[in-house]
Amino acid sequence: MSQTPKRVRVHHLREAKERGERLTMLTAYDAVTAAIFDAAGVDMLLVGDSIGNTMHGHTTTLPVTVDDMIPAGRAVARAAHRAFVVVDLPFGSYEAGPTQALETAVRVMKETGAAAVKFEGGKRVVPQIKALTDAGIPVVGHLGYTPQSEHLLGGPRVQGRGDLAAEHLSEDAVAIAEAGAVAVVLEMVPAPVAEQITEILHVPTIGIGAGAGCDGQVLVWVDMAGMTDWSPRFAKRFGEVGAALRAAATAYVDEVRAGTFPDADHQFEK
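What you are looking at is a predicted structure, and each value in this text was computed from that prediction instead of being measured.

1. A look at the packing of aromatic side chains
To describe a pair of aromatic rings, you give the distance between the ring centres and the angle between the ring planes.
Turning to step 1, where the next piece is worked out: Within the structure shown, the criterion is met by 3 aromatic pairs.
Turning to step 2, where the next piece is worked out: With a centroid separation of 6.2 Å and an interplanar angle of 65°, the aromatic rings of Tyr 252 and Phe 261 are classed as edge-to-face.
Turning to step 3, where the next piece is worked out: Classification of Phe 261 as partly exposed rests on a relative accessible area of 34%.

Here it is in structure tokens:
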């Protein structure tokens, strides 16, 4: 954002949309990467339940628990001096209704120091969003492909194709924005549909595989940085950090085995 705030807050997100300035978001799960992204000027850091896939080795986000999210959220919030930190509520921690959602969100906010929480769903989670908003907890919505529902959706498939599906998606977006959501993530949505939703919402949309018409963009950081051999089609690799890290580890192994590390510059004398 051109008018860079000392700390990104809810009103800055709305003001950026009004000025037509693109918002940036990346996932982060630890203090080291959070500090790097924060210093790079990333506006929002998402402690996503994608931690299950990227850090814990699960094939889906479904096994992730609140207890998994708390330490990661705490680490990211401590390291971020400017970014707006958002923590996902994992599967099973909010679906039962407003009471469960509020209890989970209160715990997350108190124990992490985050600025907001995020959870998936449209009209069905409107009561949860209202309950949290009334309690003073900012909520970021998530529509389109929602990974916690991947079995119902038939896997990672584009959502909102066809007039009827696009209409339902737009209705969901309006519903959660009117309920109090401060931003809405749109994942794997046709670009024209995402652009239309962006135009009708008064809160920012953050796209991931949803085209350039959104108010901002988010990527899972390991995809963005090229940490893995494969990345989703929509995730541009802005670097090849994985290859660089592998090369560094290989050089370390070689030098230790050859006896050239540590050398005189990396040890202490009497």
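Don't stop here, the text continues.
2. What to know about the UniProt feature "binding site: 3-methyl-2-oxobutanoate" (unreviewed entry) in the chain
Turning to step 1, where the next piece is worked out: In the numbering used here, UniProt assigns the "binding site: 3-methyl-2-oxobutanoate" (unreviewed entry) feature to Asp 49, Ser 50, Asp 88 and Lys 118. Spatially, the listed residues are clustered: although they cover 70 residues, their C-alpha atoms lie within 12.4 Å of one another.
Turning to step 2, where the next piece is worked out: With respect to the secondary-structure elements, Asp 88 resides in strand β3 (residues 84-88).
Turning to step 3, where the next piece is worked out: Sequence-distant contacts of Asp 88, defined by excluding residues within four places in its chain, comprise Leu 46, Val 47, Gly 48, Asp 49, Met 69 and Lys 118.
Turning to step 4, where the next piece is worked out: Reaching out from Asp 88, the side chain makes a polar contact with the backbone nitrogen of Asp 49 at a distance of 2.8 Å.
Turning to step 5, where the next piece is worked out: With respect to the secondary-structure elements, Lys 118 resides in strand β4 (residues 116-118).
Turning to step 6, where the next piece is worked out: If we ignore the near neighbours within four places in the chain, the residues touching Lys 118 are Leu 46, Val 86, Val 87, Asp 88, Leu 89, Val 140, Gly 141, His 142 and Val 185.
Turning to step 7, where the next piece is worked out: Among the polar contacts listed, one links the side chain of Lys 118 to the side chain of Asp 88, at a separation of 2.8 Å.

3. Comments concerning the pattern of salt bridges
Turning to step 1, where the next piece is worked out: Under the counting rule described, the total for this entry stands at 8 salt bridges.
Turning to step 2, where the next piece is worked out: Across the pair Arg 19 and Glu 21 runs a salt bridge, and its minimum N-O distance is 3.2 Å.
Turning to step 3, where the next piece is worked out: The exposure class assigned to Arg 19 is partly exposed, which follows from its relative accessible area of 32%.
Turning to step 4, where the next piece is worked out: Note on Glu 21: relative accessible area 18%, which makes it buried.
Turning to step 5, where the next piece is worked out: Of the charged contacts in the structure, one is a salt bridge between Lys 123 and Glu 171, with a shortest N-O distance of 3.3 Å. Pair noted here: Lys 123 is in the loop between β4 and α6 (126-134) and Glu 171 is in helix α8 (residues 163-179), with a separation of 48 residues, a long-range link.
Turning to step 6, where the next piece is worked out: A relative accessible area of 46% means that Lys 123 is categorised as partly exposed.

About the thresholds
- Residues numbered from 1 in each chain as written.
- Predicted model: local features only at pLDDT ≥ 70, side-chain atom pairs only at ≥ 80, totals over all residues.
- Heavy atoms only, no water.
- Phe/Tyr/Trp six-rings, centres within 6.5 Å; stacked < 30°, edge-to-face > 60°.
- Buried < 20%, exposed > 50% of the residue type's maximum accessible area, 1.4 Å probe, protein only.
- UniProt positions renumbered as here; feature names shortened; annotations may be inferred.
- Helix = DSSP H or I, 4+ residues; strand = E, 2+ residues; numbered from the N terminus.
- Contact = heavy atoms within 4.5 Å.
- Polar contact = N/O pair within 3.5 Å; in protein donor to acceptor, adjacent residues only side chain to side chain.
- Salt bridge = Lys/Arg side-chain N within 4 Å of Asp/Glu carboxyl O.

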